[in-house]
Amino acid sequence: MFKIVVCVKAVPDPKEACNLKIDPVTKTLLRCDVSMVLNPLDKHALEAALQIKAETEAHVCVLSMGPPEAGSILKECMALGADEGILLSDPCFGGADAYATAYTLATGVQKIGAVDVVLCGMASSDGATEWVGPEMAIMLDLPVVTMAQEISMLDGESWEVKAARENGYRRMRVRLPALLTVTRDLNTPRALSFSGIIKARKKVITQWSLKDLGVPAEKVGIKGSPTIVTEMCAVENTRKVEFLEGTREEKAELLIQKLVEGGVL
Amino acid sequence: MKKDNNPIWVLADQENCNLLAVTSQLVGQARILADVLETSVEVVLLGDGVQTHSEKLIAAGADRIYMGNDPELATYHPEIYTDLIVKLAKEHKPQIMLVGSTSTGRELAPLVAARLKTGLTAHCIDLGINQELLLEQKIPAYGGEITIVCPDKRPQMATVAQGVFSDPPPDEGRRGDVVSIQGPFLSSRRVQTLEVVMEEPAGIPLDTASCVLAGGAGAGDLNGWKQIAELATVLNAGLGCTRPAVDEGWAELETMIGQSGKMVSPDTYLGIGLSGEQQHMVGVAGAKVMIAINSDKKSPVFDQVDVGIVDDCQAFVAVLLEKIRQYKKQQVSCQ
Ligand SMILES: Cc1cc2nc3c(=O)[nH]c(=O)nc-3n(C[C@H](O)[C@H](O)[C@H](O)COP(=O)(O)OP(=O)(O)OC[C@H]3O[C@@H](n4cnc5c(N)ncnc54)[C@H](O)[C@@H]3O)c2cc1C
Ligand SMILES: Nc1ncnc2c1ncn2[C@@H]1O[C@H](COP(=O)(O)O)[C@@H](O)[C@H]1O
């Protein structure tokens, strides 16, 4: 059966992420409770897979690397219709940069085996490097198209993909198996249904550790990451604000004055 | 630490044979870094009909151009370009490789990095050389800035958006050589580009607009957004946005301002309903006068602007639009 792997990442809720701040004194991250959600673009990747499944009876597997808590987003994906959920979780995986993340996920895809398509979001909302998809493609020796906006399945062997680029788009043909990263224009993700949630209760999530993947510890997590963070600093603000005061009308007039002075009007 | 004499590379980006500004900007910055490291700057320039650009790149600071000028290289092809660059890099061993954060660069850079098994930092806002002679790559994060290095793997790779570094003043007297790259090129064609379609961008281009408006999550809904768009039209301003506006589907990704979007430096910047997150604000750091409208007086955006208005943006912009219309009418009748 046609097998699709969707890589999904648990990210701090973008609506609360601004609460994560650097302590200007200690220069470390001030930890606070921010809830984890499914990375917004990965919902579009999952939706694409579910639509293909509806047409061709594909098997949809969601794959994530993260702490055990990330299991909850895999449950959510299964409630949305994914058939299988695999969580790559091990203390060794922590602190991975894009390269080590791509490596670990690629190893997971290899272990799943016989995959026809790997789908990723274009970017994660917290890392936002956009590297994980294309780097995985190299590691898996798959052709890649980034920023897919439209997918038409020509046949089981190749797909035509409309991919975004600045001020326009590219039309690409890609031979399967392949890896695609997707944008939000691709589709509108479905909402969770009550029956989906009930069904997902019975589905189990498979967890694979470093040992299960059978790779050396030096190749994953912080040890397997070519890049490291050496410094964190708070930035100083150089501007001083002047508030425009008064009624709404007065403030609007004051602003117009500023815009006239600035040559905008 | 021993000095590494290996060169600094820049991957050139062109569109319809026009060299993109980010390429010269990166060459200019590479020159600055190379002078610290006492090494050379080399550019990989691929396309068809790109030979005229080598002079410009040398004047911008390059010492050598690896030029692949061939119909087969006319448009970016992920597999052919990656293979060619990786082979060249294995031969010449650059210590640093800089790539523009364009849609091509954003796909090509990770493909090359993964093949070379090295690190790649996304969307840097500054690059320097530290005491250990490593490339310091700065990115905004968590309301501040973080520094990333790639200590052991080579090349040290980074992408940078257009506008982060300024255009270097051309030095016409500079000398450099051009090394021509010949085929045959990779023939595996698992991906094919069928066509590249360019569309006229709507509205006033952000890069050149003297006034830029940016709308954020505080716009509230599509109607609130449309009002902000109307204000941009009335002010003859470029319309940009923050990421939530893209996520909501109000605005196009191409109009996002910030670290992973556009860098702009208008005379006047007006931020409406946005919180002043670093990743957005680095994109407008070069603005002369900055104004913010936000309903929360304590919003961090007000620490970063010159003029602040505390108000609900939907209600305020409606009044502002009305007042601007009145003002414009007066101007006309006075003439
Ligand atoms: C690696 C990385 C790269 C990123 N790159 C970018 C980038 O390039 N560009 C970018 O924009 N973002 C980027 N982001 C996202 C960025 O961190 C912020 O999430 C985003 O900029 C916040 O947008 P916002 O200010 O519109 O929304 P919010 O932070 O949610 O702020 C909304 C603001 O609106 C105000 N408000 C609410 N209601 C009203 C009202 N009725 N009237 C007036 N004001 C109101 C609120 O007080 C609040 O201050 C990136 C994130 C990461 C992790
Ligand atoms: N830890 C992870 N687990 C699963 N998928 C991931 C992970 N990190 C990144 N991805 C995938 O890679 C895409 C791009 O992420 P990034 O390179 O961080 O911008 C995401 O949209 C996911 O599809």
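See the structure printed just above.
Calculation criteria
- Residues numbered from 1 in each chain as written.
- Chains lettered and ligands numbered in written order.
- Predicted model: local features only at pLDDT ≥ 70, side-chain atom pairs only at ≥ 80, totals over all residues.
- Heavy atoms only, no water.
- Helix = DSSP H or I, 4+ residues; strand = E, 2+ residues; numbered from the N terminus.
- Buried < 20%, exposed > 50% of the residue type's maximum accessible area, 1.4 Å probe, protein only.
- Polar contact = N/O pair within 3.5 Å; in protein donor to acceptor, adjacent residues only side chain to side chain.
- Contact = heavy atoms within 4.5 Å.
- Pairing = 2+ DSSP bridges.
- Axes fitted to C-alpha atoms, helices over the stretch in contact; angles between N-to-C directions.
- Core = buried A, V, L, I, M, F, W, Y, C linked by side-chain atoms within 4.5 Å.
- Near = heavy atom within 4 Å.
- Areas by Shrake-Rupley, 256 points an atom, 1.4 Å probe, with all protein chains shown as cover.
- Nonpolar A, V, L, I, M, F, W, Y, C, P; charged D, E, K, R; others polar.

1. With respect to the side chain of Asn 130 of chain B
All names here are of chain B.
Stage number 1. Along the chain, Asn 130 turns up in the loop between strand S8 (126-129) and strand S9 (135-141).
Stage number 2. Judged by relative accessible area, Asn 130 falls into the buried class, the value being 17%.
Stage number 3. A polar side-chain atom of Asn 130 sits 2.9 Å from the main-chain amide nitrogen of Glu 132.
Stage number 4. In terms of polar contacts, Asn 130 uses its side chain to reach the backbone amide nitrogen of Leu 134, at 2.9 Å.
Stage number 5. Every residue in contact with Asn 130, bar those within four places of it in the chain, is listed here: Glu 136 and Val 149.

2. Section: the sheet that holds strand S11 (residues 168-175) of chain A
Stage number 1. Spatially, the 10 strands line up as an open sheet ordered S13(A)-S7(A)-S6(A)-S1(A)-S8(A)-S12(A)-S9(A)-S10(A)-S11(A)-S13(B), and their pairing is mixed. This sheet does not close on itself; its edge strands, each paired only once, are strand S13 (205-208) of chain A together with strand S13 (191-198) of chain B. When the angles between neighbouring strand axes are averaged without regard to direction, this sheet yields 30°.
Stage number 2. Packing of helix H4 (residues 103-115) of chain B onto the sheet brings it into contact with strand S9 (144-153), strand S10 (158-165) and S11 of chain A, and relative to S9 of chain A it is tilted by some 110°.

3. Brief notes about the nonpolar core
Stage number 1. Grouped together as the largest cluster of nonpolar side chains are 57 residues, with contacts concentrated most on Leu 63, Leu 88, Val 118 and Met 136 of chain A together with Met 97 of chain B.
Stage number 2. Counting 42 residues, the second-largest nonpolar core is a separate cluster that includes Val 10, Leu 19, Leu 33 and Ala 158 of chain B.

4. Description of the site of ligand 1
Stage number 1. Around ligand 1 sit 29 residues in total, of which Thr 242, Ser 260, Ser 275, Gln 279 and Asp 312 of chain B are the nearest.
Stage number 2. Lying at an intersection of chains, ligand 1 is approached by residues of chains A and B.
Stage number 3. In the environment of ligand 1, an oxygen atom lies 3.1 Å from a nitrogen or oxygen atom belonging to the backbone of Gln 259 of chain B.
Stage number 4. Within the side chain of Gln 279 of chain B, one N or O atom sits 2.7 Å away from an oxygen atom of ligand 1.
Stage number 5. In the complex, 80% of the free accessible area of ligand 1, which totals 990 Å², lies under the protein chains.
Stage number 6. Only helix H6 (243-247) and helix H7 (278-281) of chain B provide two or more residues apiece to the shell around ligand 1.
Stage number 7. A per-class count over the shell around ligand 1 returns 7 nonpolar, 16 polar and 6 charged.

5. Examining the sheet that holds strand S7 (residues 120-124) of chain B
Strand pairs in the sheet, formed through backbone hydrogen bonds, run parallel or antiparallel to each other.
Residue and element names in this part refer to chain B.
Stage number 1. Spatial ordering of the open sheet is given by S7-S11-S6-S1-S4-S5-S12, a layout of 7 strands whose pairing is parallel. Each edge of the open sheet is held by one strand with a lone partner, namely S7 and strand S12 (177-180). Averaged over all neighbouring strand pairs, the angle between strand axes comes to 20°, with direction disregarded.
Stage number 2. Of the pairings in the sheet, the one linking strand S4 (residues 41-47) to strand S5 (residues 64-69) comprises 6 bridges and is parallel in character. Counted as the bridge partner of Leu 46 is Gly 68 from S5.
Stage number 3. Contacts between helix H2 (residues 53-60) and the sheet are confined to S4, S5 and S12, with S4 contributing the most and set at about 160° to the helix.

6. Let's talk about the site of ligand 2
All names here are of chain A.
Stage number 1. Looking at ligand 2, there are 20 residues lining it, with Cys 7, Asp 42, Ser 124, Thr 129 and Glu 130 nearest.
Stage number 2. For ligand 2, a nitrogen atom lies 2.9 Å from a polar atom in the backbone of Met 65.
Stage number 3. One nitrogen or oxygen atom from the side chain of Ser 124 is found 2.7 Å from an oxygen atom belonging to ligand 2.
Stage number 4. With the chains in place, 97% of the 480 Å² that ligand 2 exposes on its own is no longer accessible.
Stage number 5. Every element with two or more residues in the shell around ligand 2 is listed here: strand S6 (59-65), helix H3 (98-112) and strand S8 (117-121).
Stage number 6. The element best represented in the shell around ligand 2 is S6, accounting for 3 residues.
Stage number 7. In the shell around ligand 2, the residues fall into 11 nonpolar, 6 polar and 3 charged.

7. What about the pairing of S8 of chain A?
All names here are of chain A.
Stage number 1. For S8, a buried count of 5 out of 5 residues is recorded, marking the element as mostly surrounded by other parts of the structure.
Stage number 2. Side chains Val 117, Leu 119 and Gly 121 project from S8 onto one buried face, and the interleaved Val 118 and Cys 120 project onto a second face that is buried too.
Stage number 3. Inspection of the sheet shows strand S1 (residues 3-7) paired to S8 by 3 bridges, in the parallel sense. Paired with Ile 4 across the bridge in S8 is Val 117.
Stage number 4. Sheet topology places S8 next to strand S12 (residues 178-182); 5 bridges connect them, and they run parallel. Residue pairing in the sheet places Gly 121 in a bridge with Val 182 of S12.

Functional significance is not addressed by these values, which are geometric in nature.
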